[in-house]
Amino acid sequence: MAGQIGASRVKLRNEVLNSSGTLSETTRPRKVHVKSFGCQMNVYDSNRMADTLAPAGYSETADPAEADLVILNTCHIREKAVDKLYSEIGRIRVLKEEATAQGRDMLIAVAGCVAQAEGEEITRRARAVDLVVGSQNYHRLPELVARARGGERVVDTEFPLEDKFEMLAAPAREAIRSRGVSAFVTVQEGCDKFCTFCVVPYTRGAEVSRPVEKIAAEVERLAAAGVREVTLIGQNVNAYHGEHKNGDQATLGALMRRLSDIPGIVRLRYTTSHPRDMSEDLIAAHAELPALMPYLHLPVQSGSDRILAAMNRRHTRADYLDIIARLRAARGDIALTSDFIVGFPGETEDDFRETLALVDEIGFASAFSFMYSPRPGTPAADMEQVDDAEKAERLRRLQAVIVRNQRAFNARFAGRQVEVLLEKPGRLPGQLVGKTPYLQTVQVMAPRAMIGTVAPVLITEIGSNTLFATLESAATAALATVGA
Ligand code: SAM
Ligand code: SF4
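On a predicted model such as this, the values are computed, not experimentally measured, just so you know.

Participant: In this structure, what is going on with the pattern of salt bridges? I would like to understand it.
Facilitator: Pairing between side chains of opposite charge can happen when their charged atoms approach one another. This model, assessed by the stated rule, comprises 37 salt bridges. Arg91 is the salt-bridge partner of Glu88, the closest N and O atoms lying 2.8 Å from each other. Residue Glu88 and its partner Arg91 are both found in helix H4 (residues 81-101); the two are separated by 3 residues, about one turn of the helix. On the accessibility criterion, Arg91 (51% relative accessible area) is exposed. Residues Arg124 and Glu121 are paired through a salt bridge, measuring 3.5 Å at the closest nitrogen-oxygen approach. In this pair, Arg124 and Glu121 both sit in helix H6 (residues 120-125), 3 residues apart, roughly one turn of the helix.

Right, here's the structure in full:
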């Protein structure tokens, strides 16, 4: 099989040469602008797209108007994703026409989950699009782009036989530095759980995990370039089961134990987790590993067992509460966040009240909440729908309860000392922005040279989305930090 892949790549390489005329065409300096929609996995993918195009002569630009290639990295999780994509293409098409008028070629590529789901339909509906590449194929971008430059309209959405991560170019040191001291690393992709509302198993494919040592090598590279915090990401990150060097299967806990030994990495996080995969081993890692931050995003979706069953979540409200109790026993100060869907088909007022009660019972530090959005091809799209006005009203009520809980959580920090990873300059001169272990944003006056360090700060004021702090002196730096 490997031989077949190799042969087809040679053929493709020749096609690249034939279609673009010369190799220098593909290596001439050009600019790429990648616009990300949706989740952190898309942000990671967008960075890797830019990394993979760098050896082909593409440097990143934040300005689409000066780009030779604009990539729209799409998300399909909720409604209007397709509408949003076409209106974005409309905006970029104007820039493309301006570039053409100046005698410059601009290519438009659509990547990610909408590309995966819509495929060729995109090039039919939007003639300005030159290239459509699915979420598992973007390692092929240099070849696909060269073919598009040769005048071909390219669509590549087949799930590939080769491993995308093996084929991707490693990021250059300057690229890592430009992205800051906190980085995402994909360790797991895809999903086999098939919640009845969700499109991910169809757009991202079956669940796969990367080997431990490949991830460790990527994290070592990030650490050597100045990254201090790594968030391990995956659609179901805690279903991680990558291989150790000896072929044994690793858990997410084992992976984090390995990564916490890497010099320079002072903070580890992971997201997004599924309650069913919250193993004892992972809960124990929260007690054991100082680098693992006391924070967990654990989507529950609903507080009603009837709705959880209809969603095919395969956990109950009691299961969820039991996991939270075990997590809190392991790490008393852990901050918990979640995702909720309101107005899932068949959700009654009583079901919804169980969701409201669950938020208060747990006391989430924050949460995302969404109106149920029927996704074509998923089972729940064919169930009897809740009225849109009712959904909007429930969302408003749920968000009010979430905000109340978030304020209560943050209020506990007034006058306390916490450790903040200082990440980047703030809006005011002399100000830095950082994160607490509990993922709260903190603004503090501090010298720029402190970016990348973990500093003790005193929380002086609680804003609605930000905490304000003063830097603690060297003497107070020795004080033990407090928990939530
Ligand atoms: N794998 C994670 C889990 O099982 O909890 C969630 C991943 S999904 C990309 C992120 C969130 O989008 C979900 O937790 C859910 O709340 C929301 N979501 C997914 N499909 C949705 C839909 N059809 N309508 C509304 N929200 C949806
Ligand atoms: Fe979607 Fe998460 Fe359910 Fe998988 S587990 S189907 S990604 S909501």
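Participant: Where do I start with the packing of aromatic side chains in this structure?
Facilitator: Each aromatic ring pair is characterised by the separation of its centres together with the angle its planes make. Under the defined criterion, the tally for this structure stands at 7 aromatic pairs. Between Phe194 and Tyr202, the aromatic rings sit 5.5 Å apart at their centres with planes inclined by 75 degrees, giving edge-to-face as the arrangement. Each ring, one from Phe409 and one from Phe413, has its centre 5.5 Å from the other, and the planes form 50 degrees; the classification is tilted. Since its relative accessible area comes to 5%, Phe409 is described here as buried. For Phe413, a relative accessible area of 0% corresponds to the buried category. Three or more aromatic residues joined by ring pairs form one cluster here, namely Phe197, Phe344 and Tyr372. Between Arg78 and the ring centre of Phe370, over which it is positioned, the NZ or CZ distance is 3.7 Å. The ring centre of Tyr86 lies 3.8 Å from the NZ or CZ of Arg125, which sits over that ring.

Participant: Looking at this structure, how should I read the site of ligand 1?
Facilitator: Gln235, Gln301, Arg313, Asp339 and Ser373 are the nearest of the 16 residues found near ligand 1. In this structure, a nitrogen atom belonging to ligand 1 sits 2.7 Å away from a main-chain N or O atom of Gln235. In this structure, an oxygen atom belonging to ligand 1 sits 2.7 Å away from a side-chain N or O atom of Gln301. Burial of ligand 1 by the surrounding chains reaches 90%, relative to a free accessible area of 560 Å². Those elements that place two or more of their residues in the shell around ligand 1 are strand S13 (335-342) and strand S14 (366-371). Here the shell around ligand 1 is composed, by residue class, of 7 nonpolar, 5 polar and 4 charged.

Participant: I would appreciate a short explanation of the site of ligand 2 in the present structure.
Facilitator: Every residue lining ligand 2 is accounted for by Cys191, Lys193, Phe194, Cys195, Phe197, Cys198, Val200, Pro201, Asn236, His274 and Arg313. Taken together, the residues that form the shell around ligand 2 break down as 7 nonpolar, 2 polar and 2 charged.

Participant: So what exactly am I meant to see when it comes to the confidence of the model for the chain here?
Facilitator: A low pLDDT means the predicted coordinates there should not be read in detail. Looking at the chain as a whole, its pLDDT mean stands at 90, while 92% of the residues score no less than 70. Counted against residues more than four places away or in other chains, residues 1-26, with its pLDDT under 50, gives 27 contacts. A low-confidence stretch, residues 474-484 (pLDDT under 50), is modelled with 20 contacts involving residues beyond four sequence positions or located in other chains.

Participant: Explanation requested: helix H11 (residues 212-224) in the structure shown.
Facilitator: Taking 1.5 Å per residue as the helical rise, H11 with its 13 residues ought to reach 18 Å, and the 18 Å between its terminal C-alpha atoms agrees with that figure. If you check which residues of H11 are buried, you get Val212, Ile215, Ala216, Glu218, Val219, Leu222 and Ala223. Mapping the buried residues of H11 onto a view down its axis gives an arc of 160 degrees, with all of them on the same face. Buried residues along H11 sit against helix H3 (40-53), helix H9 (173-178), strand S7 (182-186), strand S10 (229-233) and helix H12 (252-259).

Participant: Please explain the pairing of strand S19 (residues 466-471) as it appears in this structure.
Facilitator: Regular strands show a simple pattern: their side chains alternate between the two faces of the sheet. For strand S17 (residues 441-445) and S19, the ladder comprises 4 bridges, and the chain directions are parallel. Paired with Gln443 across the strands is Phe468, a residue of S19. As paired strands, strand S18 (residues 454-462) and S19 are joined by 5 bridges and run antiparallel to one another. Paired with Leu458 across the two strands is Thr470, which belongs to S19. Counting the residues in the hairpin turn of S18 and S19 gives 3 residues.

Participant: How should the nonpolar core be read in this particular structure?
Facilitator: Side chains that are nonpolar tend, in soluble globular proteins, to be buried together. Residues Leu232 and Tyr270 are the most contacted members of the largest nonpolar core, which totals 54 residues. A per-element tally of this core places H11 first, with 6 residues. Once residues within four sequence positions are removed from consideration, Tyr270 is found in contact with Thr231, Leu232, Val237, Leu252, Met256, Met278, Leu282, His286, Leu292 and Leu296. With 24 residues, the next largest nonpolar core counts Leu53, Ala56, Phe165 and Ile233 among its residues.

Participant: So what exactly am I meant to see when it comes to the side chain of Glu423 here?
Facilitator: Looking at the element boundaries, Glu423 is found in strand S15 (residues 417-425). Not counting residues up to four positions away in its chain, the partners in contact with Glu423 are Val181, Ser182, Glu229, Val433, Gly434, Lys435 and Ile451.

Parameters and conventions
- Residues numbered from 1 in each chain as written.
- Chains lettered and ligands numbered in written order.
- Predicted model: local features only at pLDDT ≥ 70, side-chain atom pairs only at ≥ 80, totals over all residues.
- Heavy atoms only, no water.
- Salt bridge = Lys/Arg side-chain N within 4 Å of Asp/Glu carboxyl O.
- Helix = DSSP H or I, 4+ residues; strand = E, 2+ residues; numbered from the N terminus.
- Buried < 20%, exposed > 50% of the residue type's maximum accessible area, 1.4 Å probe, protein only.
- Phe/Tyr/Trp six-rings, centres within 6.5 Å; stacked < 30°, edge-to-face > 60°.
- Lys NZ or Arg CZ within 6 Å of the ring centre and 35° of its normal.
- Near = heavy atom within 4 Å.
- Polar contact = N/O pair within 3.5 Å; in protein donor to acceptor, adjacent residues only side chain to side chain.
- Areas by Shrake-Rupley, 256 points an atom, 1.4 Å probe, with all protein chains shown as cover.
- Nonpolar A, V, L, I, M, F, W, Y, C, P; charged D, E, K, R; others polar.
- pLDDT = per-residue confidence, 0-100.
- Contact = heavy atoms within 4.5 Å.
- Expected span 1.5 Å × (residues − 1).
- Arc of directions from axis to C-beta.
- Pairing = 2+ DSSP bridges.
- Core = buried A, V, L, I, M, F, W, Y, C linked by side-chain atoms within 4.5 Å.

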